[in-house]
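# Coordinate inspection notes
Okay, here's what each chain looks like letter by letter:
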Amino acid sequence: MELFTFELKKMLMKRRGLLLITLFFLFRLGSLVLLDSPANRDLELYREDYRFYLSKVEGPVTRDTAAFLDEIFQKIAEAGVELPKLYNSFYDGNLTREELLVQAAPYEERLEHKHGFQLLYDQFIYAREDPERRYLLYDNGWNGLLAKGRLDVMFVSLLLLIITLMLCYEYQCSMDVLNLTTQKGGRRLTMIKLLLAAGVVTILSLLNSTLEYAFYGVRYGLPHGDYPLQSLPCYSGTYKALTLTKAFLWMAASRWFGSLLFAALVLFLSVLIQKYALTLIMSSALLLLPYYAIQNETARCFLPGPLAFLLGTGFLRGAGRAADPLPRQESVLFCEITGEVIILLTGAALFLLAVMLYVIFRRNSAAWNHGRKGGKGRGAVAVLSLLLLINMTGCADGHRSDAGYDIYNAAHRSRFENERYIVWFDETAETLLFEDKGTGRRDRLVRDPLLLSSTIGRCIYGNGRYVYYFRNDYNKSGRYEWIERILLIEVDLETFQERIVYEDVQSSFEQVFLGSGINTLFDAAARQGTQAFLEDVWAFFLSGNTLYLLGNDIRTMDLLTGRMDTIEGPCPVKGSLAFDGQKIYYTTDRLEVAAYDVQTGETGVIPGLITEFFFLTDHRFLYINRADEYRLYVMDRADGTAYPLTDQPVLQFEVEGKSIVYTGRLDRRAYCINEEEADEMSAAESGF
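The rules we used
- Residues numbered from 1 in each chain as written.
- Predicted model: local features only at pLDDT ≥ 70, side-chain atom pairs only at ≥ 80, totals over all residues.
- Heavy atoms only, no water.
- Patch = residues over 30% accessible without salt bridge, like charges linked within 9 Å, V, L, I, M, F, W, Y side chains within 5 Å.
- Areas by Shrake-Rupley, 256 points an atom, 1.4 Å probe, with all protein chains shown as cover.
- Salt bridge = Lys/Arg side-chain N within 4 Å of Asp/Glu carboxyl O.
- Buried < 20%, exposed > 50% of the residue type's maximum accessible area, 1.4 Å probe, protein only.
- Core = buried A, V, L, I, M, F, W, Y, C linked by side-chain atoms within 4.5 Å.
- Helix = DSSP H or I, 4+ residues; strand = E, 2+ residues; numbered from the N terminus.
- Contact = heavy atoms within 4.5 Å.
- Axes fitted to C-alpha atoms, helices over the stretch in contact; angles between N-to-C directions.
- Parallel < 35°, antiparallel > 145°, perpendicular 65-115°, else oblique.
- Nonpolar A, V, L, I, M, F, W, Y, C, P; charged D, E, K, R; others polar.
- Polar contact = N/O pair within 3.5 Å; in protein donor to acceptor, adjacent residues only side chain to side chain.
- Pairing = 2+ DSSP bridges.
- Expected span 1.5 Å × (residues − 1).
- Bend = angle between axes of the 7 residues up to and from the residue.
- Left-handed = near helix turned anticlockwise from the far one by under 90°.
- pLDDT = per-residue confidence, 0-100.

### Quick look at a nonpolar patch on the surface
Among the surface-exposed residues, Leu29, Val33, Leu34 and Leu35 lie close enough to one another that they form a single nonpolar patch of about 420 Å² accessible area. The exposed category is assigned to Leu34, whose relative accessible area is 67%.

Below, the structure is given as structure tokens:
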């Protein structure tokens, strides 16, 4: 016991093990608090609305549950259709304001919780496919705890730094020879060191798992631990009869066993290599190289060693399939690991563990160990740098813009014009073209010869001399093709040089299909993953280092960190939308134009502006006035003065340079108003 206490003090005090452990848990807790993001951000944004309906149907899907949710879905869909009709009737003069308020009240009440209900209904669609094993519950906490199939590189680094010193330090100081000459310096000392390593690894694994469980329990909550594991979409295909709590305990035990295997591997390499730096390199390489090099998760599970057990999720995951390019065929991307196979793999791991322990004892029982002596680990710094190479969420630098800010209109999401050039997306060539307004020369904007495996996004954004576009780079593996990188690229129209403003790399094949990976643009741990959102993005614009993405809602992404959030509040993406560098202007269900301040988060309504479509200029709104028989109007942004530009109703209009081209609602003929004509109509008003 005295020798065990001495070795423990030597590990924790002399070799600063206690300091490393303390720093690890402080940093781990800080990273969880500051960097963790929910698997489904919308659940947090609309949490109250979601819980409003979830409280009525939580648990297994029954006939009553299905009938209730289908009824609410129909009512909300009906309200979304009928409410605009009521406001159209009101502006056409068919309803009084009192009649409008009375008839619109029930529809607005139905739409009050529509965002939260949509999240629940998506979950219901998933659960009703297998109602016996898929329950309805708030799952952000469980997804964060169980769905991340990543190697905990920080924890592995801690084990590596602590365990490597247990034997290598003595080899470096030639203490191993002296130990073998003492009464208890042979196998007994080795046994004490092994027990100490196992005890430390067990305690650290227990504390690490407890910290994660406590964090997700406090931050998100871990309700209904007795619900089936299949309630989480990432485990939809598994046939293992586990509850959520049992799955966590199984995963914690798997990672504990993997940590023991890794500690034994480090000690095994220590007695063979006997050099600190080289042991660090070899230990980290044997673990990290397969993790980053082997992209198939099934293959990882069959690798001999600690990797599969440290990941944990592979043994619980069900079979994954993807559509084959051949019609009506599917290919297996991940094979479920059955219980019998898990037992065999565990037995093989135990045999490997026994062999490593035998070698450790054998090498520490000899009177002399050859091939040692060496300086301190000069390669340690390089290895620690390698261990810090975790999956990056993206890389970006500051967004460059001119002193002023060009007005952005979503109506021109595929077109940009400045003083010298016009840039647009050509549907025929499926690329970006530009035209020099002075010479009339046209050419491709994107001239990269390596675009055969890439696609250009149809929406662009321009400000001053810079224009931005998205590019998707694809990777192929046999008959499969998936997005490997999403790039936001800036083009300087003065020099035509390109610069990557944001890059998101997706190198793991199984992450695309199975939903593992870090929480960035590619994170599909939740059913409403951001990659699925990106497929629906129809416009975007930039402000400083913030990227605004327009899809089914409006989301912001910090180009420096890659963090994505949904703008809270109204901001429905319907009708028109514009941005002037400070406020987002958009049409509402009531045919009003609201203004959302991106700095303060406050929302207001533009008085007197009633329309379904508008266009924003530097000083004015151009819009089809629903309160005046669809006539084309212009409103001054400074004082709110509005006046008509046409006497006839207008079906639609476009702004081309300094001209307004509109189509008559009655005769369907095209008309054009230039700036001078608009000035004459407004008399005292300046040009738009």
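### With respect to the nonpolar core
Judged by nonpolar contacts, the single largest core of 113 residues is most densely connected at Trp142, Leu146, Leu151, Ile163 and Leu204. For this core, the element with the highest residue contribution is helix H12 (residues 244–273), accounting for 17 residues. What Ile163 contacts, discounting residues up to four positions off in sequence, is Ala197, Val201, Ala263, Val266 and Leu267.

### Examining the packing of helix H4 (residues 47–57) against helix H5 (residues 63–91)
Two elements in contact, H4 and H5, have axes whose closest approach is 10 Å; the angle formed by their N-to-C orientations is 150°. In terms of orientation, H4 lies roughly antiparallel with respect to H5. Contacts between H4 and H5 involve Tyr53, Lys56 and Val57 on the former and, on the latter, Thr65, Phe68, Leu69, Ile72 and Ile76. When grouped by side-chain class, the residues that make up the contact of H4 with H5 number 6 nonpolar, 1 polar and 1 charged.

### With respect to the pattern of salt bridges
With the rule as written, the count across this model stands at 25 salt bridges. A salt bridge links Glu129 to Arg134, with the nearest nitrogen and oxygen atoms 3.1 Å apart. A residue is classified by how much of its surface remains accessible, and Glu129, at 60% relative accessible area, is exposed. Here Arg420 makes a salt bridge to Asp436, at a shortest N to O gap of 3.8 Å. Taken together, the residues span a long stretch of sequence, with Arg420 in the loop between strand E6 (415–417) and strand E7 (421–426) and Asp436 in strand E8 (residues 431–436) at a distance of 16 residues. A residue is classified by how much of its surface remains accessible, and Asp436, at 8% relative accessible area, is buried.

### Some remarks on the side chain of Lys240
The residue Lys240 is located in the loop between helix H11 (187–219) and H12 in this model. Its relative accessible area of 13% is what places Lys240 among the buried residues. Within the local environment of Lys240, its side chain forms a polar contact with the backbone oxygen of Phe315, the two atoms lying 3.0 Å apart. Discounting chain neighbours no more than four positions away, the residues touching Lys240 are Gln230, Phe315, Leu316, Arg317, Glu336, Ile337 and Ile342.

### Side note on the sheet that holds strand E20 (residues 592–597)
The antiparallel open sheet is built from 5 strands, whose spatial order is E5-E18-E19-E20-E21. Taken across any chain shown, the strands that pair with only one partner, and hence form the sheet edges, are strand E5 (408–409) and strand E21 (603–610).

### Let's talk about the pairing of strand E24 (residues 631–636)
Within E24, 6 of the 6 residues are buried, which leaves the element mostly enclosed by the surrounding structure. Of the two faces of E24, both are covered, the one formed by Arg631, Tyr633 and Met635 as well as the one formed by Leu632, Val634 and Asp636. Strand direction decides the pairing type here: strand E23 (residues 620–625) and E24, joined by 6 bridges, are antiparallel. Bridge assignment links Leu622 to a residue of E24, and that residue is Val634. Between E23 and the antiparallel strand that follows it, E24, lie 5 residues; Glu629 among them carries a positive phi value of about 55°. Alignment of E24 against strand E25 (residues 642–656), held across 4 bridges, turns out to be antiparallel. For Tyr633, the partnering residue across the bridge sits in E25 and is Pro644. Between the antiparallel neighbours E24 and E25 lie 5 residues, among them Gly640 with a positive phi of about 80°.

### A short note on helix H6 (residues 97–111)
The terminal C-alpha atoms of H6 lie 20 Å apart, and with 15 residues this matches the ideal 21 Å at 1.5 Å per residue to within 8%. Of all the bends in H6, the largest measures some 40° and sits at Ala104, one to four residues before the proline Pro106. Within H6 the residues assigned to the buried category are Leu100, Ala104, Tyr107 and Leu111.

### A short note on the packing of H12 against helix H13 (residues 276–293)
The contact between H12 and H13 brings their axes to 9 Å, and the two run at 140°. Accordingly, the angle class assigned to the pair H12 and H13 is oblique. In this structure, the crossing between H12 and H13 has a hand that is right-handed. In this structure, H12 uses Phe262, Leu265, Val266, Leu269, Ser270 and Ile273 to contact H13, whose residues at the interface are Leu278, Thr279, Met282, Ser283, Leu286 and Leu287. Residue composition of the contact of H12 with H13, grouped by class: 9 nonpolar, 3 polar and no charged.

### As for the confidence of the model for the protein
Should the pLDDT be low somewhere, the predicted coordinates at that spot are not to be read in detail. Residues of the protein with pLDDT of at least 70 account for 78%, and the chain-wide mean is 79. Per-element confidence in the protein is highest for strand E2 (residues 135–136), whose mean pLDDT is 94, and lowest for helix H18 (residues 509–514), whose mean pLDDT is 36. The low-confidence segment residues 507–531 (pLDDT under 50) makes 76 contacts with residues lying over four places distant or belonging to another chain. In this model residues 684–688 is a low-confidence stretch, pLDDT under 50, and it forms 18 contacts with partners more than four residues away in sequence or in other chains.

### A look at the sheet that holds E25
The strand order across the open sheet formed by 6 strands is E22-E23-E24-E25-E26-E27, and the pairing between neighbours is antiparallel. In this open sheet, the two strands that pair with only one neighbour each are strand E22 (614–616) and strand E27 (670–674). Sheet twist, expressed as the average angle between the axes of neighbouring strands with direction ignored, equals 45°.

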